[in-house]
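Per-entry structural report
Spelled out, the chains give:
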Protein chains: 2
Amino acid sequence: MASHLTLTEVETIARDRLLAAGATPAVAASVARSTRLAERDGLRSHGLLYVPIYAEHLECGKVMANAVPEVVMPRPAAVCVDASNGFAHPAIDAGWSAFVDATGTCGIAAMGIRRSYNCGILGHHAERLAEDGLVGLCFTHAPASIAPTGGRRPVIGTNPFALAVPDGQGGARLVIDQSASAIAKSEILLRSREGRQIEPGWALDAEGEPTTDADAALAGSMVPAGGQKGFGTGLMVEIFAAALTGANLSVEASPFSGKKGGPPGTGQFFIGVDPSTFGGATFGGAIDRLVEAIEGQEGARLPGQRRKDNRARIEAEGVEVDDALMARITGV
Amino acid sequence: MASHLTLTEVETIARDRLLAAGATPAVAASVARSTRLAERDGLRSHGLLYVPIYAEHLECGKVMANAVPEVVMPRPAAVCVDASNGFAHPAIDAGWSAFVDATGTCGIAAMGIRRSYNCGILGHHAERLAEDGLVGLCFTHAPASIAPTGGRRPVIGTNPFALAVPDGQGGARLVIDQSASAIAKSEILLRSREGRQIEPGWALDAEGEPTTDADAALAGSMVPAGGQKGFGTGLMVEIFAAALTGANLSVEASPFSGKKGGPPGTGQFFIGVDPSTFGGATFGGAIDRLVEAIEGQEGARLPGQRRKDNRARIEAEGVEVDDALMARITGV
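Residues numbered from 1 in each chain as written. Chains lettered and ligands numbered in written order. Predicted model: local features only at pLDDT ≥ 70, side-chain atom pairs only at ≥ 80, totals over all residues. Heavy atoms only, no water.

1. Quick look at the interface of chain A and chain B
- Contact residues are listed per partner, giving 80 residues for chain A and 79 residues for chain B.
- For the pair chain A and chain B, the two sides together bury roughly 5800 Å², of which 69% comes from carbon and sulfur.
- The largest per-residue losses of area from chain A upon contact with chain B belong to Arg75, Lys229 and Phe278 of chain A, which jointly make up 13% of the total buried on that side.
- For the interface between chain A and chain B, the tally reads 4 salt bridges. (Contact = heavy atoms within 4.5 Å. Buried area = accessible area lost by both parts, 1.4 Å probe. Salt bridge = Lys/Arg side-chain N within 4 Å of Asp/Glu carboxyl O.)

2. Remarks on the relation of the copies chain A and chain B
- Once chain A has been moved 0.0 Å along the axis and rotated by 180 degrees, it coincides with chain B to within an RMSD of 0.0 Å. Here the transformation between the copies is reduced to the relation of a two-fold axis. In terms of C-alpha distance to the rotation axis, chain A has Gly226 of chain A as its closest residue, with the C-alpha 1.7 Å off the axis.
- Both copies contact each other with a shared surface, as 99% of the interface residues of chain A are interface residues in chain B too. (Least-squares fit on C-alpha atoms with pLDDT ≥ 70 in both.)

3. Focus: the pattern of salt bridges
- Following the criterion strictly, the structure yields 36 salt bridges over all chains and no others.
- Notably, a salt bridge pairs Arg115 of chain A with Asp82 of chain A, separated by 3.1 Å at the nearest N-O pair. On the criterion of sequence distance, the pair formed by Arg115 of chain A in strand S4 (residues 108–116) and Asp82 of chain A in strand S3 (residues 78–82) is long-range, its members being 33 residues apart.
- The partner of Glu252 of chain B in a salt bridge is Arg289 of chain A, and the shortest N-O contact between them spans 2.4 Å. (Helix = DSSP H or I, 4+ residues; strand = E, 2+ residues; numbered from the N terminus.)

4. Considerations on the pairing of strand S12 (residues 319–322) of chain A
All names here are of chain A.
- The alternating pattern of S12 places Val319 and Val321 on a buried face, while none of Glu320 and Asp322, on the opposite face, is buried.
- Taken together, the 4 bridges between strand S1 (residues 2–5) and S12 define a ladder with antiparallel strand orientation. Paired with His4 across the bridge in S12 is Glu320. (Buried < 20%, exposed > 50% of the residue type's maximum accessible area, 1.4 Å probe, protein only. Pairing = 2+ DSSP bridges.)

5. With respect to empty space enclosed by the protein
- Under the defined criterion, the tally for this structure stands at 5 cavities of 30 Å³ or more.
- Approximately 170 Å³ is the volume found for the largest cavity.
- Contributing to the lining of the largest cavity are 18 residues, with Lys229 and Thr233 of chain A together with Lys229, Gly230 and Thr233 of chain B lying nearest its centre.
- Only helix H8 (228–244) of chain A together with helix H8 (228–244) of chain B provide two or more residues apiece to the lining of the largest cavity.
- Of the residues contributing to the lining of the largest cavity, the split by class is 6 nonpolar, 10 polar and 2 charged. (1 Å grid on protein atoms, 1.4 Å probe; cavity = no way out; pocket = protein on both sides within 12 Å on 5 of 7 lines; lining within 4 Å. Points joined across faces, edges and corners; volume = space filled by probe spheres on them. Nonpolar A, V, L, I, M, F, W, Y, C, P; charged D, E, K, R; others polar.)

6. Some remarks on helix H5 (residues 122–131) of chain A
Residue and element names in this part refer to chain A.
- The element H5 is extensively covered by neighbouring structure, given that 8 of its 10 residues are classed as buried.
- Those residues of H5 not exposed but buried are Leu122, Gly123, His124, His125, Ala126, Glu127, Leu129 and Ala130.
- Directly after H5, the chain includes Gly133, whose backbone phi takes a positive value near 85 degrees.

Rendered as structure tokens:
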């Protein structure tokens, strides 16, 4: 059996559960908002499914309920936030207006967040920059799951980057949001739970050999998309999100799942660019022509189009949430 | 038959040929220096092999011999260079000190170059930032050769990004330099000239179907590394190097080979980050641990290691240049 919920109901349920787990009202509101946005775009692994994990992590101390983010600006284009081992979302909120203002003033600026936690859907942070009229390039990292080419021990996480481009009307024209791995780790976890094999090319076992066994994959490493180049892209993300911010490296971070290991202490690095700065007024027209060159081809779609389609549908229709999940969230 | 040359001889030969083709002394010196660095790292496609093409492009007007780069700083962290359809290298040189100074002052800064030409080995520009003690993330684009997933008409070029990390001793600890395509276009051109087939997974024909025929590949499109994600990475590069700078898009740029189409009018976008800004003094130690996590594994190597190995060898030994190429350069 399942319940039918509006997105506002999704947000309320998430917020109430986070408050019950000890989050402050501002923190609960920020994380619940991200839950709503994930459900809105059909990204269910980061929607209500994650709320029991957030609550568990508040309760076991992986996320500090009483964390107060500290914001400093050591240079005119640099905003640094110490999330103090609380959630990433309120730390990002804490630095946001300084970051956006610095981007406008300096032409390009960045915000580094350290001692934080996973930030949910990375593309939503990039999109928020686009909503502020800026080009946003965002990096976040995760506990190590991808080995370097030729090696067998994971060094970097699934380390996504996201890029959003403003549409000049308060939204995003284009959002790229992609991890460094060939497949999402959540898909391998799902196959493991269901006792199904994984596809060739998704993962290696602990000896660094290709495997189609989901459990062997979880004990081994994820294959990067595009081989060595995928590892290179994930390494770029690692250098920005972890090394530059002063966060733990992916090899040092405790897991984003389970109760063990204390706070992961990971990081994010967001770059904002004012699109009128470098090429004057030409940016919007260039993006129009680029989008047309892609969308004008039969069979080709812009990155992020599936999310956009989901969004239109789910905003109108709401979501189905199965009773077992509702019971895990509400305790009823 | 072949000549044996020192790297200084390589640089002199390149400079003299560029001067003879009409380049000013400063321009010839800048481009000849890049020729030396390519040969030094064993990247021969961008070494002396390119000098006859540079000369041809000066002579046919694809590159303007009398171009004067114009540098402006519209914001404190933003350097914009109009290469005026000259070579990219002197345009990059023209903005360099303002760019490096802005990065130190602001914590992060960027330089956008428009109406330029290909910039040779992108990693060398990132490495130059590392030599100045900065983290460098560089983007450059190229005439369209990669189609979007599901489409058949090329929209983006092989669009590489490069990232370099300073070693704290005036050099780079780590350089990533990778194109968006599964294989370098020069490899497909080589196979075409030799009448050999290409490997599966490298290219599509003009109908968007996989091909192992080199000529069909050249009439079609290159496959991105990692499929849709490789296209996404190349699209990120396109948005920075072309759309943000005010350059031509890759679909609009004339070819980097042959005499037709006038100046390509492409662009570059370089981001510099002062590594002490966001994480304080922790950066060097984090990079040490990250490098150790990779190099400490049997069979795993840092990105850029092959170039580093070549460099040590070629600086000592010099290079062999076949007489046919020497004749094409020196006209003897």
